[in-house]
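Below are the chains, spelled out letter by letter.
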Amino acid sequence: MKIVMLGAPGAGKGTQAKKIASNFGIPHISTGDLFRVNIKNETALGKKAKVYIDQGFLVPDDLVLELIEERLGMADCKEGYVLDGFPRTIPQSKALDHTLNNKNDKLEYTIEVDVPDEVIIDRMAGRRACLSCGRTYHLETLRPKAEGICDFCGSFLILRDDDKPETVMKRLEVYHKQTQPLIDYYRERGILHTVDGTGEIEMIYQEIINILV
Ligand code: AMP
């Protein structure tokens, strides 16, 4: 099962992607997480990507494709995956199609998690992320068991630079300009499904499961 999650930054697509991946036993692949690991490990790719990420811009397509193609070639991707944060531009989605076509394969579902901008701005201000394992929490709606500490790995939680309000506004602008055209692209191919992302996490998840089974 090959699934792409679409939606603005902070729409909750990562949370849903993790649940889908664990339900179907397929990997959750987040290009944002992969970049953050590279940044933490101070790799050459991480250093280049950080400049764009910290300002709320998209990382150039060639760097993203280098990262994702290596990941999709790994053994655990054979039965499928949930892509979260990729593709984000039309050239990226065409590159993904091309990679899949070469393997006589194709995407089966794209799920758009739809949330208005003003709700997103509120949400991101309360979001806290674990720099070690990438899990995210929320000061009001998804609190860790111990304040400021990741439930899973015990590391400190932080407000990511790219979740700061001024960067969020920039990321939303970038989303509408560069990523939203993908919605029409997938709709025309008949594989787009849209869910309302403003409700409870479990209700949204149920709606997605009804689409996938
Ligand atoms: P995310 O955690 O998915 O919101 O990603 C964080 C940041 O990483 C984004 O704001 C972009 O700067 C960068 N990024 C992640 N995925 C991509 C992608 N597919 N294309 C370009 N930039 C990306």
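Here, the structure is the one placed above.
Predicted model only: the values in this text are computed from it and were never measured.

The next subject is the overall build of the protein chain. From N to C terminus, the protein chain includes nine helices and eight strands. Relative to its length of 213 residues, the protein chain is compact, with a C-alpha radius of gyration of 16 Å against a globular reference of 17 Å. In terms of overall dimensions, the protein chain has C-alpha extents of about 45 × 40 × 35 Å along its principal axes. The buried share of the protein chain, taken over its 213 residues, is 47%. For the protein chain, restricting intrachain contacts to residue pairs at least 6 apart in sequence, the fraction spanning at least 24 positions comes to 69%. By element, 52% of the accessible surface of the protein chain is carried by carbon and sulfur atoms, the whole surface being about 11000 Å². Of the charged side chains in the protein chain, 28 are positive and 33 negative; the average position of the first set lies 4 Å away from that of the second.

A few words on helix H3 (residues 44–53). By the burial criterion, the buried members of H3 are Leu-45, Gly-46, Ala-49 and Ile-53. Along H3, the residues classed as buried sweep out an arc of 90° about the axis, all on the same side. In H3, those exposed residues whose orientation departs by more than 90 degrees from the buried face are Ala-44 and Lys-47. Looking at the buried positions of H3, the neighbouring elements they touch are helix H2 (31–40) and helix H4 (61–72).

Looking at the element boundaries, Glu-207 is found in helix H9 (residues 201–212). Residue classification places Glu-207 among the partly exposed residues on the basis of a relative accessible area of 35%. Taking the C-alpha atoms as reference points, Glu-207 and Asp-196, 11 residues apart in sequence, are found 8.9 Å from one another. Apart from residues lying up to four places away in sequence, Glu-207 is in contact with Thr-194, Val-195 and Asp-196.

Before going further, it helps to spend a moment on a nonpolar patch on the surface. Nonpolar side chains collect at one region of the surface, where Val-51, Tyr-52 and Phe-57 lie side by side and expose about 250 Å² of accessible area between them. The residue Phe-57 is located in the loop between H3 and H4 in this model. Classification of Phe-57 by relative accessible area gives partly exposed; the value is 36%.

Here we come to the nonpolar core. Counting 52 residues, the largest nonpolar core has Ile-3, Met-5, Leu-83 and Leu-96 as its most contacted members. Among the elements that take part in this core, H4 stands out by supplying six residues, more than any other. Beyond its immediate chain neighbours, meaning those up to four positions away, Ile-3 contacts Ile-20, Ile-26, Tyr-81, Val-82, Leu-83, Tyr-109, Ile-111 and Leu-212.

What follows concerns the site of the ligand. With respect to spatial proximity, 16 residues lie near the ligand, and among them Thr-31, Phe-57, Gly-85, Gln-92 and Arg-171 are the closest. Within the side chain of Thr-31, a nitrogen or oxygen atom sits 2.7 Å from a nitrogen atom of the ligand. Contacts to the ligand include Val-59, whose backbone N or O atom sits 3.0 Å from a nitrogen atom. Compared with its free state, where it exposes 480 Å², the ligand has 96% of that area covered by protein. Of the residues contributing to the shell around the ligand, the split by class is seven nonpolar, four polar and five charged.

Time to look at the sheet that holds strand S7 (residues 157–158). Pairing in this open sheet of three strands is antiparallel, and the strands run S6-S5-S7 from one edge to the other. At either margin of the open sheet sits one strand with a lone partner, and together these are strand S6 (136–138) and S7. Packing of helix H6 (residues 117–125) onto the sheet brings it into contact with strand S5 (127–130) and S6, and relative to S5 it is tilted by some 50°.

The rules we used
- Residues numbered from 1 in each chain as written.
- Predicted model: local features only at pLDDT ≥ 70, side-chain atom pairs only at ≥ 80, totals over all residues.
- Heavy atoms only, no water.
- Helix = DSSP H or I, 4+ residues; strand = E, 2+ residues; numbered from the N terminus.
- Rg over C-alpha atoms; globule rule 2.2 N^0.38 Å.
- Buried < 20%, exposed > 50% of the residue type's maximum accessible area, 1.4 Å probe, protein only.
- Contact = heavy atoms within 4.5 Å.
- Areas by Shrake-Rupley, 256 points an atom, 1.4 Å probe, with all protein chains shown as cover.
- Lys, Arg positive; Asp, Glu negative; His and termini not counted.
- Charge placed at Lys NZ, Arg CZ, Asp CG, Glu CD.
- Arc of directions from axis to C-beta.
- Patch = residues over 30% accessible without salt bridge, like charges linked within 9 Å, V, L, I, M, F, W, Y side chains within 5 Å.
- Salt bridge = Lys/Arg side-chain N within 4 Å of Asp/Glu carboxyl O.
- Core = buried A, V, L, I, M, F, W, Y, C linked by side-chain atoms within 4.5 Å.
- Near = heavy atom within 4 Å.
- Polar contact = N/O pair within 3.5 Å; in protein donor to acceptor, adjacent residues only side chain to side chain.
- Nonpolar A, V, L, I, M, F, W, Y, C, P; charged D, E, K, R; others polar.
- Pairing = 2+ DSSP bridges.
- Axes fitted to C-alpha atoms, helices over the stretch in contact; angles between N-to-C directions.

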